[in-house]
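Next come the chains, spelled out residue by residue.
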Amino acid sequence: MKTLNTYLTFNGNCEEAFNFYKSVFGGEFSYLGRFGEMPDAENVPESAKDKIMHVSLQISKETLLMGSDASEEYGTVVTFGDNISLYLGADTHEEVKSIFERLSSGGTVTMPLEKTFWSPLFGMLTDKFGINWMLSVEEEMP
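A brief look at the structure comes next. (Residues numbered from 1 in each chain as written. Predicted model: local features only at pLDDT ≥ 70, side-chain atom pairs only at ≥ 80, totals over all residues. Heavy atoms only, no water.)

## Comments concerning the sheet that holds strand β4 (residues 64-69)
Strands in a sheet are paired, the pairing made by backbone hydrogen bonds, and the direction either parallel or antiparallel. What the 8 strands build is an open sheet, ordered β2-β3-β4-β1-β5-β8-β7-β6; its pairing is mixed. The outermost strands of the open sheet, each flanked by one partner alone, are β2 (29-34) and β6 (108-114). Strand-to-strand twist in this sheet, taken as the mean axis angle between neighbours without regard to direction, amounts to 20 degrees. Bridge count between strand β1 (residues 3-10) and strand β5 (residues 84-90): 6 bridges; the pairing is antiparallel. Residue Leu4 lies in a different strand from β5, and its bridge partner there is Leu88. (Pairing = 2+ DSSP bridges. Helix = DSSP H or I, 4+ residues; strand = E, 2+ residues; numbered from the N terminus. Axes fitted to C-alpha atoms, helices over the stretch in contact; angles between N-to-C directions.)

## Digging into the pattern of salt bridges
Evaluation of the coordinates by the stated rule reveals 4 salt bridges. A salt bridge links Lys22 to Glu28; the shortest N-O distance between them is 3.4 Å. Its salt-bridge partner being Glu46, residue Lys49 comes within 3.3 Å of it at the nearest N-O pair. Residue Lys49 is classed as partly exposed on the basis of its relative accessible area of 22%. (Salt bridge = Lys/Arg side-chain N within 4 Å of Asp/Glu carboxyl O. Buried < 20%, exposed > 50% of the residue type's maximum accessible area, 1.4 Å probe, protein only.)

Laid out in structure tokens, this is it:
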């Protein structure tokens, strides 16, 4: 089953924003991780360690609001207006690969599909209409 959720990117105030959204919508963070908690945290610049690498707020049974801080240390700066992505979670590698290939046609791949420490297959792209997408396989990591 595919899920489609909203992903917001901030310039260092993601935690403040998500605490606000939590006060508005209720719910709990199903995940909150910082750049300094990543597997290669020793390579993370001190100025980025406390920034939010990923947060998920369960809004309803079907809906997550997700977000992170941009990290200038990694060459990412938020431009408001393009700081919203659609996050598509799918069940299989084949499904993600097929959708990724079709969505990226005429667009720009910003991160090729690859294994990450949080997903067996994850990638990002901007489609030919300027919409940002994140695609992932929703499997448990070993």
